[in-house]
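These are the residues of each chain, in order.
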Amino acid sequence: MEPIRKDELDAHACGSLSPKTKPCPRPKPGEAAGGCSFDGAQITLLPIMDAAHLVHGPIACAGNSWESRGTLSSGPSLSQYGFTTDLNDTGIIFGGEKKLKESIDYIAGRFAPPAIFVYSTCVTALIGEDMDAVCKEAAGRLGLPVIPVNSPGFVGSKNLGNRLAGEALLQYVIGTGEPESGIPLGVNLLGEYNIAGELWDIEKLMNSAGITLMSRITGDARYKEITWAHRAKVNMVVCSRALLGLAKEMESRYGIPYFEGSFYGAKETTYSLRQMAFLLNDREMERCVDRLTEREESRLLQELRPYRKLLKGKKAVLYTGGVKSWSVISALKELGVQVVGVGTNKSTEDDVRRIAGRVGDDTEYIPDGGASRIIKTVRDRKADLMIAGGRNMYVAMKEQIPFVDINQERHRAYAGYEGLLRLAKELTYALANPIWKLAASPPPWDQEVPHDR
Amino acid sequence: MKKDKLVIPDHNTLFATDPYVKQREGKKAFEAPCSEQETAEALAYSKSAEYKDKNFARTSLVVNPHKACQPLGALMAALGFEMTLPFIHGSQGCTAYFRSHLSRHFKEPTPAVSSSMTEDGAVFGGMANLIDGLENSVALYKPAMVAVSTTCMAEVIGDDLQAFISNARQKGAISEELPVPYANTPSFSGSHITGYDAMLKSIISTLYTRSGIEAAPGSGEGTGEKLNIILGFEPYTGNFAEMRKIMAAFDTAYTFLGDHSGNFDSPATGEYSYYYGGTKLDDVPKAAYALGTLSLQKYAVKKTLEYIGGTWRQQTVGLSAPIGITATDRLLEAISELTGLPVPAELTEERGRVVDALTDSHPYLHGKRVALVGDPDLLIGLVQFCLDTGMEPVHIVCSNGDNGFKEEVEALLASSPFGAGATVYIGNDLWHMRSLLIGEPVDLAVGSSHLKFAAKDAGVPLIRVGFPVFDRHHLHRYPLIGYQGALNLLTTIVNTVLEGLDEQASGFNHDLVR
């Protein structure tokens, strides 16, 4: 395996070039843990739907994770297949390179993917498998891109894995293809993974504004479109800063300007669309965007009114593992929901700075993971609801706290104007469901005053 | 708020609407797709006999695995004991996967921590992480026991858990009083059931050794005729309830060695307490006084049973999942033999009722061809259920079964004419199963949620049984074992068959009475 260039990673880890910025934070031993770098790399690359994704390692990494992502496809589904070399003791002792080679050959022959991504894992990295060489040899022989992704779990957090996946794209994919002539050149989206179909809402908006979505990196992507990402006029880094390094490198290599934005909340959405048109340097398009955003915003304002009335002043604790926290805060603010606690254990300092710019002074930061810590904040701040991911969802249920899932298990799209309306409805729904009242009241025979029906 | 306004389109409905359909169509040309003809040809080829042969000739690659890894099982074993914190030594991502996996199945929180090893750990060994991790987690979660298992990473670099844990005690990171059983659970050998076994054995032997108690089978000091019961890697919390019911009917004392039903089926009281239920730690060494130990899984707890039979010198009986009448009869006989008590009349009566239900439904089950996938003990139970009811097992795929398992299932199949058409595959995956389902069609597929894609490709209804079930709610809260379990499984299967008849009805046969 190629050595991990630690100094370089630290320099722009999780996006920042400033030496003072802390890199992707290290997990603390003895706590309920989040995902690893392998998981992070898969989050970034699995949405390339027509590619095959082969996990080189023991059963753990693929066996416990395949098929369970919330990233949606409008066509091919090969990326949902769980391909693994399922290394056993013999593989560990004698090496798994032969098995890997045969597996690559089998996938190429039987599934005919446009490309194969091969992931290293803790084990194959530790036993020193030369994955790069196997992939290179196979690629040459098969005439097919076979891309090594060196992001074993132990190198660190999910964020770092996102970034290492970005590096793999830069090194092996971007710049290897050309778009068909005649296609208007437009914008790449970096770090939007089409969870619950959000990318399709964004795409709809971009279409209405006449902005071409060039390469989706990587929500609902096809391998080929990423090969020509270098021809885009603008890169937008969506929410997570993990792929900022990719945007920066594409700027220096290909001269593509980038900006960071989000589609959570009307203000952010409008800003993002305007920024696209501005960077595309197209006056007509800017006017078109202005018309679109004004129309959408005023319609949204109208439709949101009843929900804002209900949500105004409600207090929420937000725990999304970091990358999304600042952008979701904006959306919640627009709905009148006050964020009284926010998880930062996986956020970079840049993210924390952004969060700080969006929340009030008395908002509590939750630096360490663990359900009890989140619950404590909910109780201390008398929050009305909790917004988090699947691993904390059931704790909220035990505590009878209304809950909205914001991570990959969810089935509703919250991006864009219509997404904000859906989020408003979802929050209202979570608060208004009679189950919370039922859950919070003791059985009638334990009630001191007769139950008021 | 008016009710109608709260209808929120989710991705199932929203993206099926016109604007999105058009958008997808419009985009297609730019996505370098294969032509429709090519796609159709490839799909047809993937369903051919030739393809099936090529698929079965596959040796190196696993496609769509149907097993999880050892530490996932170890985590479940740990959660079977009172106030026990599962601690997984290795890189952190593994623990996150296990927690997600178990939470998605049980719809419950899964408490577990990781020592979160990174490159430093890879280079210098994981001792510092383990010691810090133990200290932090004990301070945070105040467990009565910490059960340490390992991921591949710690195993590959050869971390010496025993030495590390005793160093942690010497350094004062944890107290002498805190039991810290550990198990080596590399995921590059075995599967989740191997890991369950390793951790269970370690917990039992550690608590027994620490107690200083001397095993004396049948002495039952203060505990009467005590029987030990092991359910094993048990995805059904309802099965614990069913066993409790059966044992209450026998009216005898017993100890569950490993009971995670509390942690995976706790009430919403308004206060999350991190630990729920579980076998009392004090009860574990006392279990060495019992008359014998009965396990409802045998392939899943081999080493544990060996330990109990050897060190505790107890009579051990290892069954496989008692699913259906015959297997439940055997369970009750085993309890009766081990305790010397007669089978209670109420259970005999329950048996009669369930037999009655089976006879009501049998015309719809007779001759139904079934494909099965799952863990070894579950499969044996399901095959027995099929043979009981006149269904014909056809394809039996077990990713984590061994040759002994294969022989046992084959012998079981040979005992009935309904088993004549079956083939047992061990070490195969769900992509093999897809070829089987398409090549030799069946009426029903039985297995975990992961089977839903192959079943859909083959156009076969899926009966969700086993682990993991992610896409249906609360099935695990209903027992699968015992007479009640037989009734539950029967109800699911027969109604799936009847549902199919309604779906295919063309008019004259849309019967009201079936």
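This structure is a prediction, so every number in the text was calculated from the model and none was measured.

Tell me about the overall build of chain A, residues and numbers included.
Along its length, chain A carries 19 helices and 13 strands. Relative to the globule expectation of 22 Å for 453 residues, the C-alpha radius of gyration of chain A, 23 Å, shows essentially globular dimensions. Of all 453 residues assigned to chain A, the portion counted as buried reaches 63%. If you sum the accessible surface of chain A, you get close to 16,600 Å²; carbon and sulfur atoms cover 52% of it. Distance from the positive charge centre (56 side chains) to the negative charge centre (56 side chains) of chain A: 4 Å.

Give me the confidence of the model for chain B: which residues, what numbers.
The predicted structure's coordinates, where accompanied by low pLDDT, should not be read in detail. Looking at chain B as a whole, the pLDDT averages 94, with 98% of positions reaching at least 70. Quick note on the complex model: pTM equals 0.93, ipTM equals 0.93.

Tell me what's going on with the nonpolar core, and back it up with residues and numbers.
In terms of nonpolar packing, the biggest core is built from 83 residues, with Ile 48, Phe 117, Leu 169, Ile 174 and Ile 217 of chain A together with Trp 312 of chain B touching the most fellow members. Among the elements that make up this core, the one with the highest residue count is helix H11 (residues 192-211) of chain B (eight residues). Shared between two domains, this core takes at least three residues from each, and those domains are domain 1 (70-211) and domain 2 (227-344) of chain B. Beyond its immediate sequence surroundings of up to four residues, Leu 169 of chain A is in contact with Leu 45, Ile 48, Phe 117, Ile 174, Ile 217, Thr 218 and Ile 226 of chain A. Counting residues in each nonpolar core, the second largest holds 62 residues, with Leu 332, Leu 382, Cys 398 and Val 424 of chain B among its members.

Lay out the sheet that holds strand S10 (residues 338-343) of chain A in plain terms, naming residues and giving numbers.
All names here are of chain A. Spatially, S11-S10-S9-S12-S13 is the arrangement adopted by the five strands of the open sheet, whose pairing is parallel. The outermost strands of the open sheet, each flanked by one partner alone, are strand S11 (364-366) and strand S13 (403-405). Adjacent strand axes in the sheet meet at a mean angle of 20 degrees, parallel and antiparallel pairs treated alike. Contacts between helix H18 (residues 416-432) and the sheet are confined to strand S12 (385-388) and S13, with S13 contributing the most and set at about 145 degrees to the helix.

Could you give an account of the pattern of salt bridges, naming the residues involved and the relevant values?
Following the criterion strictly, the structure yields 53 salt bridges over all chains and no others. Its salt-bridge partner being Asp 86 of chain A, residue Lys 67 of chain B comes within 3.2 Å of it at the nearest N-O pair. Of this pair, Lys 67 of chain B sits in the loop between strand S1 (62-63) and helix H5 (70-78) while Asp 86 of chain A sits in the loop between strand S2 (83-84) and helix H4 (89-94), which puts the two residues in different chains. We classify Asp 86 of chain A as buried; its relative accessible area is 14%. A salt bridge links Asp 471 of chain B to Arg 472 of chain B, with the shortest nitrogen-to-oxygen separation between them at 3.8 Å. One network of salt bridges, with partners in common, ties together Asp 201, Lys 204, Glu 296, Arg 299, Glu 418 and Arg 422 of chain A.

Quick one: what's the story with the sheet that holds strand S3 (residues 113-114) of chain B, residue by residue and with numbers?
Residues and elements named next belong to chain B. What the four strands build is an open sheet, ordered S3-S2-S4-S5; its pairing is parallel. Either end of the sheet is taken by a strand with one partner, and the two such strands are S3 and strand S5 (182-183). One ladder, built from six bridges, connects strand S2 (residues 84-89) with strand S4 (residues 145-150); its direction is parallel. Paired with Leu 85 across the two strands is Val 146, which belongs to S4. Along the sheet, helix H8 (residues 127-141) contacts S2, S3 and S4; its crossing angle with S2, the most-contacted strand, is approximately 155 degrees.

Can you explain H5 of chain B? Please cite residues and give values.
Residue and element names in this part refer to chain B. Across the nine residues of H5, nine count as buried, placing the element largely inside the fold. Within H5, burial applies to Gln 70, Pro 71, Leu 72, Gly 73, Ala 74, Leu 75, Met 76, Ala 77 and Ala 78. Buried positions along H5 lie against S2, helix H6 (92-106), S4 and H11.

Describe the domain arrangement of chain B, listing the residues and the values that go with them.
How large an interface is tends to be reported as the accessible area lost when its parts come together. All names here are of chain B. You can read the domains of chain B as domain 1 (70-211), domain 2 (227-344) and domain 3 (346-504). Centre-to-centre, using C-alpha coordinates, domain 2 lies 24 Å away from domain 3. Listed as interface residues are 35 residues of domain 2 and, on the opposing side, 38 residues of domain 3. Across the domain 2 to domain 3 interface the summed buried area is about 2,900 Å²; carbon plus sulfur atoms make up 59%. Scanning the region where domain 2 abuts domain 3 turns up five salt bridges. Among the salt bridges present, the one from Lys 245 reaches Glu 350, with a minimum N-O distance of 2.8 Å. Run the count over domain 2 and domain 3 and you get 24 residue pairs in polar contact (both at pLDDT 80 or more). Ranked by the residues each element gives to the side of domain 2 that touches domain 3, the list is headed by helix H12 (residues 237-250), at nine residues.

Give a detailed account of the side chain of His 192 of chain B, specifying residues and quantitative values.
Examined against the element boundaries, His 192 of chain B turns out to sit in helix H11. Setting aside chain neighbours within four positions, we find His 192 of chain B in contact with Lys 67, Ala 68, Cys 69, Gln 70, Leu 72, Gly 73, Phe 233, Asp 375 and Asn 400 of chain B.

Break down the packing of aromatic side chains for me, citing the residues and quoting the values.
Inspection of every chain in the model, using the stated rule, returns 25 aromatic pairs over all chains. Taking the centre distance of 6.5 Å and the plane angle of 75 degrees together, the rings of Phe 38 of chain A and Tyr 97 of chain B count as edge-to-face. One end of the pair, Phe 38 of chain A, is in helix H2 (residues 37-45); the other, Tyr 97 of chain B, is in helix H6, on a second chain. For the pair formed by Phe 38 of chain A and Tyr 97 of chain B, the shared burial category is buried. The structure contains a cluster of three or more aromatic residues connected by ring pairs, namely Tyr 141, Tyr 272, Tyr 274, Tyr 275 and Tyr 276 of chain B. The ring of Trp 326 of chain A has Arg 354 of chain A lying over it, and the distance from NZ or CZ to the ring centre is 4.8 Å.

Could you give an account of a positive patch on the surface, naming the residues involved and the relevant values?
A cluster of basic side chains, namely Lys 267, Arg 305, Arg 308, Lys 309, Lys 312 and Lys 333 of chain A, defines a positive patch on the protein surface. Within the secondary structure, Arg 305 of chain A is located in helix H13 (residues 283-311).

Just give me the short version of the UniProt feature "domain: Nitrogenase molybdenum-iron protein beta chain N-terminal" (unreviewed entry) in chain B, but keep the residues and values in it.
Within the UniProt annotation, "domain: Nitrogenase molybdenum-iron protein beta chain N-terminal" (unreviewed entry) is assigned to residues 8-55 of chain B. Between the first and last C-alpha atoms of residues 8-55 of chain B the distance is 43 Å; the span itself is 69% helix and 0% strand.

The rules behind each value
Residues numbered from 1 in each chain as written. Chains lettered and ligands numbered in written order. Predicted model: local features only at pLDDT ≥ 70, side-chain atom pairs only at ≥ 80, totals over all residues. Heavy atoms only, no water. Helix = DSSP H or I, 4+ residues; strand = E, 2+ residues; numbered from the N terminus. Rg over C-alpha atoms; globule rule 2.2 N^0.38 Å. Buried < 20%, exposed > 50% of the residue type's maximum accessible area, 1.4 Å probe, protein only. Areas by Shrake-Rupley, 256 points an atom, 1.4 Å probe, with all protein chains shown as cover. Lys, Arg positive; Asp, Glu negative; His and termini not counted. Charge placed at Lys NZ, Arg CZ, Asp CG, Glu CD. pLDDT = per-residue confidence, 0-100. Core = buried A, V, L, I, M, F, W, Y, C linked by side-chain atoms within 4.5 Å. Domains from an automatic or database assignment. Contact = heavy atoms within 4.5 Å. Pairing = 2+ DSSP bridges. Axes fitted to C-alpha atoms, helices over the stretch in contact; angles between N-to-C directions. Salt bridge = Lys/Arg side-chain N within 4 Å of Asp/Glu carboxyl O. Buried area = accessible area lost by both parts, 1.4 Å probe. Polar contact = N/O pair within 3.5 Å; in protein donor to acceptor, adjacent residues only side chain to side chain. Phe/Tyr/Trp six-rings, centres within 6.5 Å; stacked < 30°, edge-to-face > 60°. Lys NZ or Arg CZ within 6 Å of the ring centre and 35° of its normal. Patch = residues over 30% accessible without salt bridge, like charges linked within 9 Å, V, L, I, M, F, W, Y side chains within 5 Å. UniProt positions renumbered as here; feature names shortened; annotations may be inferred.

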